[in-house]
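# Secondary and tertiary structure notes
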Amino acid sequence: MAMQNQHAENFQLLAENSADMICRVGLDLVMDYASPSCERLLGWKPEEMVGKGPAAFVLAEDLPVVAAAHERLSRDGVDPIPTEVRMRRKDETYAWMEVNARMVRREASAEPSGIVLVMRDISQRKLREAAQQTALPVSGAPQDALYPALKSEWARTFQESDERFSRTFAMTPLPMAVAVLAGLQIINVNEAFIAATGYVPDELVGRMAAEIFLMDDFTCGQIERIFERADRARGVEIRLRTREGLFIDCLLSADITSIDSQRCVLVAFQDVTERKRSEDELMIAIESVMKDTTWFSRAVIEKLAQLRQPAGMDKPEGELADLTAREREVLGLMCEGQNDDQISEALGLSRNTVRNHVSGIYSKIGVHRRAAAVVWARERGVLARETPRRHVTRRN
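In this report, the structure presented in the accompanying data block is examined.

### Section: the sheet that holds strand β3 (residues 83–88)
Strands sit in the order β2-β1-β5-β4-β3 across an open sheet of 5 strands; the sheet is antiparallel. Among the strands making up the open sheet, the edge pair consists of β2 (31–34) and β3. Here the average twist between neighbouring strands, direction ignored, is 35°. Of the pairings in the sheet, the one linking strand β1 (residues 21–25) to β2 comprises 3 bridges and is antiparallel in character. Along β2, the bridge assignment pairs V25 with M31. Lying on the sheet, helix α4 (residues 63–76) is in contact with β3, β4 (94–105) and β5 (112–121); it crosses β3 at an angle near 135°.

Here's what the structure looks like:
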C-alpha cells in the first residue's frame, strides 16, 4: 500500500509540473484525470475535461485515428506510433496534438487498469509542414510562407466547426476581413469587402494591408498598439484606400481570434464617408464665417476636434519640418477654409494630386480628418498659405 501511495505521489508530482498535458483515461477512454497544463494548451480546466470521452474534444474526422490507436494499445500494451489528432480548444478553435499512450496494469494481476496519455501541442510544426508543401510567397517576406497554411486553417476552423459562422461571414452586408495581427496580413475577406474596395481576392489575401496601401503604416501601427492593451476594439475611426486610390472613412470594430495558435483579428468596417464629408463641410463653413475672429474660431475647432477624436487612437504626431514645401502650401490653404477644388485651382494642380498631398499630410502628422489637420497647423502658427521663398540674385 505504501508503495502504491508513493507511485501515486510521484505521478501527481510529475503531471502537475510538466509542460506537456498528462491525462489518465479508463479502458473506455473516459478521462478520470487531466494535469493543470490542459488549461494552458487548450483553455479547459481539468475539471471540465474529467468524465468526458474523446468525442467531446477530438475533431470528428480524427476519431477513427483514436480508435485505431486504442486497438493497437489494447493488443500490444504500448502504442509505438505517436498519434496526431486535432483537439477542440475552449474558444472553439483547434490545436494539433501529438499523443503518446501507454497501458497501465495492476501490480497484482497484471490486468490493464487504464491508459496514461502524454500530449503536446504541435500546431506550429504542422503549420510549418503545410507551408513547406503549399507555400505561395507573395512579396518574399518570411511570413508570406505562413499564409497558405493559415488560409487553410481558417477554412477548416470556421467551415468545419461552425458552418453558420462561415456563411454569416461571407454574406453579411458589412465589409469584413480576417488578418494576422502582426503586420495585418490578410487571410480572408467577404463579398462586401470586395465590393467596397474594388479589389479581387487574389490581390488581397496573403498581402499586408500597408503593402498594398489599403491602410497606411501609421494606421496599421495604431491598430496593432490597440490590441497590445485589449482583445477588442469598437468604433475606431480609420481610412481605407480603394483599388482606384479613393478613400473610405470607416469605423472599425474588431476582436482577437486564434487561428492555429496565431493571434489574428476579425474586423468589421462601417462606411461613414458621407457623414465625414458633411462634417468637413460644416467645419469649412464655420472657418469661413469666423475668419476675422481667429482666436474664437480656433477654440471652437479645437472643441469639435476633441469631441470627434477617434476612439482608441493616439494624439497627432509629426512636425512642420516633416512636410514638403508643397504640402505646407496645401495645409495653409486648408487653414484658409479652402476645399480640394479651390486648392486645385489656386495651385494649378489636378484634384487627384491635391488629394494625394492631403493624404500625405494626414499620414505624416497622424490625423484622419481635415478639422484635426487645421487644429494641428494652427497650434504651430500656420494660419494661411505659405508662399514659397524665391532666390533673388543681387547685382553689384
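### Notes on the packing of aromatic side chains
Applying the stated criterion across every chain yields a total of 2 aromatic pairs. For the ring pair W44 and F57, a centre distance of 5.5 Å and an interplane angle of 75° mean the geometry is edge-to-face. Remark: F57 occurs in the loop between α3 (46–49) and α4 and W44 occurs in the loop between α2 (37–42) and α3; sequence separation between them is 13 residues. Grouping residues by exposure puts W44 and F57 together as buried. Pairing F193 with F269 gives two aromatic rings, centres 5.6 Å apart and planes at 55°, and the pair type is tilted. A residue pair is termed long-range when its members are at least 10 positions apart, and F193 in helix α8 (residues 191–197) and F269 in strand β10 (residues 262–271) qualify at 76 residues. For the pair F193 and F269, one class covers both residues: buried.

### Things to note about empty space enclosed by the protein
Tallied over the entire structure, the rule returns 4 cavities of 30 Å³ or more. If you trace the largest cavity, you find 21 residues lining it, with L29, P54, V66, V99 and L117 closest to the centre. Elements represented by at least two residues in the lining of the largest cavity include exactly α4, β3, β4 and β5. Here the residues of the lining of the largest cavity sort into 16 nonpolar, 3 polar and 2 charged. When its volume is computed, the second largest cavity comes out at roughly 130 Å³. Looking at the second largest cavity, it is lined by 13 residues, and the ones nearest its centre are A177, A179, M215, V267 and F269. Breaking the lining of the second largest cavity down by element, the ones donating at least two residues are β6 (176–180) and β10. Looking at which element gives the most residues to the lining of the second largest cavity, the answer is β10, with 3 residues.

### Focus: the sheet that holds β10
With antiparallel pairing, the 5 strands of this open sheet are ordered in space as β7-β6-β10-β9-β8. Where the open sheet ends on each side, the last strands, each with one partner, are β7 (185–189) and β8 (232–241). Strand-to-strand twist in this sheet, taken as the mean axis angle between neighbours without regard to direction, amounts to 35°. Inspection of the sheet shows β6 paired to β7 by 4 bridges, in the antiparallel sense. Looking at the pairing, V180 lines up with Q185 of β7. Most of the contacts of helix α10 (residues 217–229) go to β8, to which it runs at about 170°, and overall it touches β8, β9 (247–259) and β10.

### Brief notes about α4
In this model α4 runs 20 Å from its N-terminal to its C-terminal C-alpha over 14 residues, within 8% of the 20 Å that 1.5 Å per residue would give. Within α4, the full set of buried residues consists of V66, A69 and L73. Along the axis of α4, the buried residues cluster in a sector spanning 65°; they form a single face. Of the exposed residues in α4, those oriented more than 90 degrees away from the buried face are P64, E71 and R75. Where α4 is buried, its residues touch β3, β4 and β5.

### Here's the deal with the environment of F218
Tracing the sequence through the fold places F218 in helix α10. Its relative accessible area of 15% is what places F218 among the buried residues. Taking the C-alpha atoms as reference points, F218 and K364, separated by 146 residues in sequence, lie 8.3 Å from one another.

Parameters and conventions
Residues numbered from 1 in each chain as written. Predicted model: local features only at pLDDT ≥ 70, side-chain atom pairs only at ≥ 80, totals over all residues. Heavy atoms only, no water. Pairing = 2+ DSSP bridges. Helix = DSSP H or I, 4+ residues; strand = E, 2+ residues; numbered from the N terminus. Axes fitted to C-alpha atoms, helices over the stretch in contact; angles between N-to-C directions. Contact = heavy atoms within 4.5 Å. Phe/Tyr/Trp six-rings, centres within 6.5 Å; stacked < 30°, edge-to-face > 60°. Buried < 20%, exposed > 50% of the residue type's maximum accessible area, 1.4 Å probe, protein only. 1 Å grid on protein atoms, 1.4 Å probe; cavity = no way out; pocket = protein on both sides within 12 Å on 5 of 7 lines; lining within 4 Å. Points joined across faces, edges and corners; volume = space filled by probe spheres on them. Nonpolar A, V, L, I, M, F, W, Y, C, P; charged D, E, K, R; others polar. Expected span 1.5 Å × (residues − 1). Arc of directions from axis to C-beta.

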